[in-house]
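# Geometric and topological summary
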Amino acid sequence: MKLIVTEKNDAAGQIARLLSDSGKPKADKVYDTPVYRFRRGGEDCVTIGLRGHILQPDFPPELKFNDEEGWFGVTAEGEVLPADVPDGLARPPYDTKRKPYLKDGIDIKGWKIASLPYLVWAPIEKTPAEKGIIRSLKNLAKKADSVVIGTDFDREGELIGSDALRQIREVAPDVPVSRARYSAFTKAEIDHAFNNLVELDQDLADAGESRQYIDLIWGAVLTRYLTTARFSGFGNTRSAGRVQTPTLALVVERERERMAFKPEDYWVISGEASHGEEEPFKVSHTTARFWDKDAADAAYANVAGAKEARVTAVERKSRTQRPPAPFNTTSLQAAAAAEGISPARTMRLAESLYMDGLISYPRVDNTVYPSSLDLKDCVRTISKVPQYAPTCKALLSQPKLTATRGKQETTDHPPIYPTGAADPEKLQPAAWKLYNLIARRFLATLMGPATIEGTKVTFDVNGEPFQASGNVLANPGFRSIYPYGLKKDDQLPELHEGDVCDVQKMDLLAKQTEPPARYSQGKLIQEMEKRGLGTKSTRASIIDTLYQRKYLKNDPCEPSQLGMAIIDALNTYAPRITTPEMTSELEDDMTKVAEGTDTQTQVVTHSRALLAGMMDGLIEHTEDLSEAIADAVTADAKIGVCPKCGRDLVVKTSAKTRGSFAGCMGWPDCDVTYPLPQGRIEALEGEAAVCPDCGAPRIKVQPFRQKAYETCINPACPTNREPDVEVGVCHACAEAGRTGKLIAHKSERTGKRFIRCTNYDDCGTSYPLPQRGKLEATGEECPDCGAPMVIVTTARGPWKLCPNMDCPGREKKAAAGRGRGRGTGTKAASAKKPAAKKAATKKKA
DNA sequence: GCAAGGTC
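It should be emphasised that the depicted structure is a prediction, and the values quoted were computed from it without experimental measurement.

## Considerations on the packing of helix α1 (residues 9–19) against helix α5 (residues 187–195)
Running from N to C, α1 and α5 point in directions that differ by 85 degrees, and their axes come no closer than 9 Å. Between α1 and α5, the angle falls in the class roughly perpendicular. Facing I15, L18 and L19 of α1, the residues of α5 in contact are K187, I190, D191 and F194. Looking at the contact of α1 with α5 residue by residue, the classes come out as five nonpolar, no polar and two charged.

See the structure below:
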């Protein structure tokens, strides 16, 4: 039996299909791992897909725990370090034996500053990360007569293959092993690869492993340093890494530019004019920006009371807009980010669309459809989606389809395109939004350009030159299916030279130049790609990490004080980690290892020595760094000023309930606290930061998936008070022979709004209410449970609801599925569950 | 408890 090992399940299936004599391999399982069995030229074959890397590099366990004797060692392979490591950099002195060790009476284990110079030189072991896959792989290897490594044709693929081979060798030391190199899933390519097998390129795999080791060493050492320099409890990891830190530095650098920006004053003269009965249009002085106030005043004086604008010229120009290139991962992430889906979310949604057979493989660099892709067949497939049917029909009536081509052409996977017809009713809204984007993009790449008719009209207004411009989509072309990012038409009336328009108004506006904009997540992804930071598969999750670490906040990306403090500190003491150069130098080193002109040990040792040199400066300044981090964290937590004592009011976490509240930094001298509303809390600046009614801080609240609002933090403030509303009678009291009224009430202590019976102490009847929106009684009772129905009016409009969380009607609705309001809440909760489960199992593993 | 890289 021939065993074929691929990088992922998808590839295992495709290769089996392409190699099998019958074209129909048999899907089977070994333990829980899917495999594909087939015959090829009379030989039994089986393909198994790994799950990317199956081994995880890590430090030896004895370096991780504080309850064991420590060890310190030398090279990654447990070999003596080369003698040319500069003296004073290589610490501790070389030792060839792995044994428990206390160095100079210092315990060097665990997360502490003193252990870091040793951690720099600690050996690295590779531990199984995918135990189930490894078990299945070994099971098959025992029975195999030959093995072919068919992982992806790149550096990480070679490493993944080499790791797999190590596992295979443990159970089948003598089985012949070869390597298949292919870069497209076509019959010709795969046949060629398997008819021309080569050897595994161990140098290339070593290059990949060097990358793993260097990333781990630098990441772990700097992360442990930053985290322990000022330990703020578990869950407050302060990380650093070869990719994440330069990415954070980009955002910080842009923020510094913004802070250093000096706005310049300028003036604009603009107004409105109309022609006959037609819609008025905007006119502005041909001097778009007056930098001199006197000049602006003078020009404005000429036109202030003007009644007429005489057309002096009409210029028409039509522009064509070419249809977009096919999507690869980066361009999809950027386009989806512009539609409000973060890159990380895009990848999660894309993965599930891919698993549902609705889109092609989502991790690609390629932007050119391969000739093997039957474009017409794809169009036919998605023509079943009613929204696309007319466009598809038009495309299918063409004798031949030609697609746009992007700049990046690789052959591993096709660009992202729809592979199935989706039903919007069966997808969660965001998944449909993404599918719709992908499907429309695909159709757009097959269509003609759009033509935009541009008109520029110049006017004379009392001797001053003015202009108006209009843009109209004259021939929509691909824009008929792909409206993303399309500007709205500015229609001008039909005007000719000499026509006279009526000036409706004319203003002199004082303006200021704006600082450079913050990076949106989409722009940041593109910037990372430009600078060689991360890969298509990692960029989205790296940005996510920066948010999790609280280095970044908001969208567009804004660095926190903590994020800026981390970059400042690393810029001073470990500048190598803050720039993209570390990545480009690593690339050069890996090329050398792959070419055999350098070795993994040399490259990794050199990198360790560089880091060791930086640790001196860092450790010397631990105290400074500790203070800088503490100050930054306090500044980030600040949401206002204490009205009683004037010290900072910050977000604190209750030790008892783990919930957060606002508390004065002056505690225990000052006991001011406030409850916090649900959502993300931000400080306001300037006058808006203090409530004029009660003196407490005003804050901005961003609730989950709802509109942000500003409020006074004090629930007892007159601005937060709400009159009680009688919403109905209490049935429980009526049954008990009492009279109870149900009152909607907002607590001045907690700020929470709820319905409670006037006899609450006796009958215990209470219902929760939505915390936001205007509340009204209806006088009606819920047909399912008898609770009083209420109306809550939010920005989304009025919404009638039963407040009873246990109402049988709720379950009915939940079962029926869709619906707005609380229905979405239920959906969100159920959608969350699998993710939570995943996290739990991951923890276990 | 750490990184970045694969993939589910």
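Still more ground to cover, so stick around.
## Observations concerning the protein's contact with DNA strand B
Lining the immediate environment of DNA strand B, one finds 43 residues, of which R51, Q56, E130, E351 and T535 sit closest. Close to the protein, within 4 Å, the atoms of DNA strand B are drawn from sugar and phosphate at a rate of 60%. Between DNA strand B and T538 there is a distance of 2.7 Å, counted from a phosphate oxygen to a side-chain nitrogen or oxygen. Listed by contribution, the elements that provide at least two residues to the surface near DNA strand B are β5 (55–58), α6 (202–229) and α10 (343–355). With nine residues, the single largest contributor to the surface near DNA strand B is α6. Residue composition of the surface near DNA strand B, grouped by class: twelve nonpolar, 16 polar and 15 charged.

## Re helix α8 (residues 293–303)
A296, A299 and V303 are the residues of α8 that are buried. Looking straight down α8, one finds that the buried residues subtend no more than 70 degrees of arc, so they occupy a single side. Opposite the buried face of α8, at more than 90 degrees from it, the exposed residues are D294 and A301. Lining the buried residues of α8 we find β9 (265–274), β10 (281–285), β12 (450–461), β13 (464–475) and β14 (500–512).

## So, the sheet that holds strand β25 (residues 741–746)
The sheet built from four strands is open, its strands ordered β24-β25-β26-β27 with antiparallel pairing. Two strands bound the open sheet, and with one partner strand each, they are β24 (725–729) and β27 (766–768). Strand-to-strand twist in this sheet, taken as the mean axis angle between neighbours without regard to direction, amounts to 25 degrees. Relative to β25, β24 is paired through four bridges, and the arrangement is antiparallel. The partner of V729 across the bridge, within β25, is K741.

## Let's talk about the pairing of strand β1 (residues 2–6)
Counting buried positions along β1 gives five out of five residues, so the element sits mostly inside the fold. Here β1 shows two buried faces, one formed by K2, I4 and T6 and the other by L3 and V5. Pairing geometry for β1 and strand β7 (residues 146–150), over five bridges, is parallel. Counterpart to V5 in the pairing with β7 is I149.

## A look at the UniProt feature "site: Interaction with DNA" (unreviewed entry) in chain A
As annotated in UniProt, the feature "site: Interaction with DNA" (unreviewed entry) corresponds to H53, R211, D215, R363 and R549 in the numbering used here. One can find H53 in the loop between β4 (43–49) and β5. Apart from the residues within four sequence positions on either side, H53 is in contact with E130, E156, L159, I160, D163, R211 and Q212. There is a polar contact of 2.7 Å between the side chain of R549 and the side chain of S239.

## Regarding the nonpolar core
One finds W218, V221, L222, Y225, L611 and M615 to be the most contacted residues of the largest nonpolar core, which totals 64 residues. Top contributing element to this core by residue count: α6, with eleven residues. Dropping the residues within four chain positions of it, M615 is found in contact with L116, V120, V221, L222 and Y225. Counting 46 residues, the second largest nonpolar core, distinct from the first, contains Y369, Y417, A431 and I438.

## Focus: a negative patch on the surface
Judged by side-chain charge, E623, D624, E627 and D631 come together as a negatively charged surface patch. With respect to the helices, strands and loops of the structure, E623 is situated in helix α19 (residues 622–637).

## Things to note about the packing of aromatic side chains
A full pass over the atoms with the stated rule returns nine aromatic pairs. Here the aromatic rings of F281 and F459 are separated by 6.0 Å at their centres, their planes lie at 25 degrees, and the arrangement is stacked. Linking F281 in strand β10 with F459 in strand β12, this pair joins segments that are 178 residues apart in sequence. Owing to a relative accessible area of 5%, F281 belongs among the buried residues under this scheme. F459 gets classed as buried once you look at its relative accessible area, which sits at 2%. A network of ring pairs unites the aromatic residues Y369, Y417 and F442 as a single cluster. A cation over a ring is seen here: R135 above Y31, with NZ or CZ 3.6 Å from the ring centre. Directly above the aromatic system of Y266 lies the positively charged group of R289, at a separation of 4.2 Å from the ring centroid.

## Brief notes about the sheet that holds β14
Read around the closed barrel, the six strands follow the order β9-β10-β13-β12-β11-β14; overall the barrel is antiparallel. On average, each strand axis in the sheet is inclined to that of its neighbour by 35 degrees, with strand direction left out of account. Relative to β14, β9 runs antiparallel, the two sharing ten bridges. Looking across to β14, one finds that E272 is bridged to K505.

What counts as what
Residues numbered from 1 in each chain as written. Chains lettered and ligands numbered in written order. Predicted model: local features only at pLDDT ≥ 70, side-chain atom pairs only at ≥ 80, totals over all residues. Heavy atoms only, no water. Axes fitted to C-alpha atoms, helices over the stretch in contact; angles between N-to-C directions. Helix = DSSP H or I, 4+ residues; strand = E, 2+ residues; numbered from the N terminus. Parallel < 35°, antiparallel > 145°, perpendicular 65-115°, else oblique. Contact = heavy atoms within 4.5 Å. Nonpolar A, V, L, I, M, F, W, Y, C, P; charged D, E, K, R; others polar. Near = heavy atom within 4 Å. Polar contact = N/O pair within 3.5 Å; in protein donor to acceptor, adjacent residues only side chain to side chain. Buried < 20%, exposed > 50% of the residue type's maximum accessible area, 1.4 Å probe, protein only. Arc of directions from axis to C-beta. Pairing = 2+ DSSP bridges. UniProt positions renumbered as here; feature names shortened; annotations may be inferred. Core = buried A, V, L, I, M, F, W, Y, C linked by side-chain atoms within 4.5 Å. Patch = residues over 30% accessible without salt bridge, like charges linked within 9 Å, V, L, I, M, F, W, Y side chains within 5 Å. Areas by Shrake-Rupley, 256 points an atom, 1.4 Å probe, with all protein chains shown as cover. Salt bridge = Lys/Arg side-chain N within 4 Å of Asp/Glu carboxyl O. Lys, Arg positive; Asp, Glu negative; His and termini not counted. Charge placed at Lys NZ, Arg CZ, Asp CG, Glu CD. Phe/Tyr/Trp six-rings, centres within 6.5 Å; stacked < 30°, edge-to-face > 60°. Lys NZ or Arg CZ within 6 Å of the ring centre and 35° of its normal.

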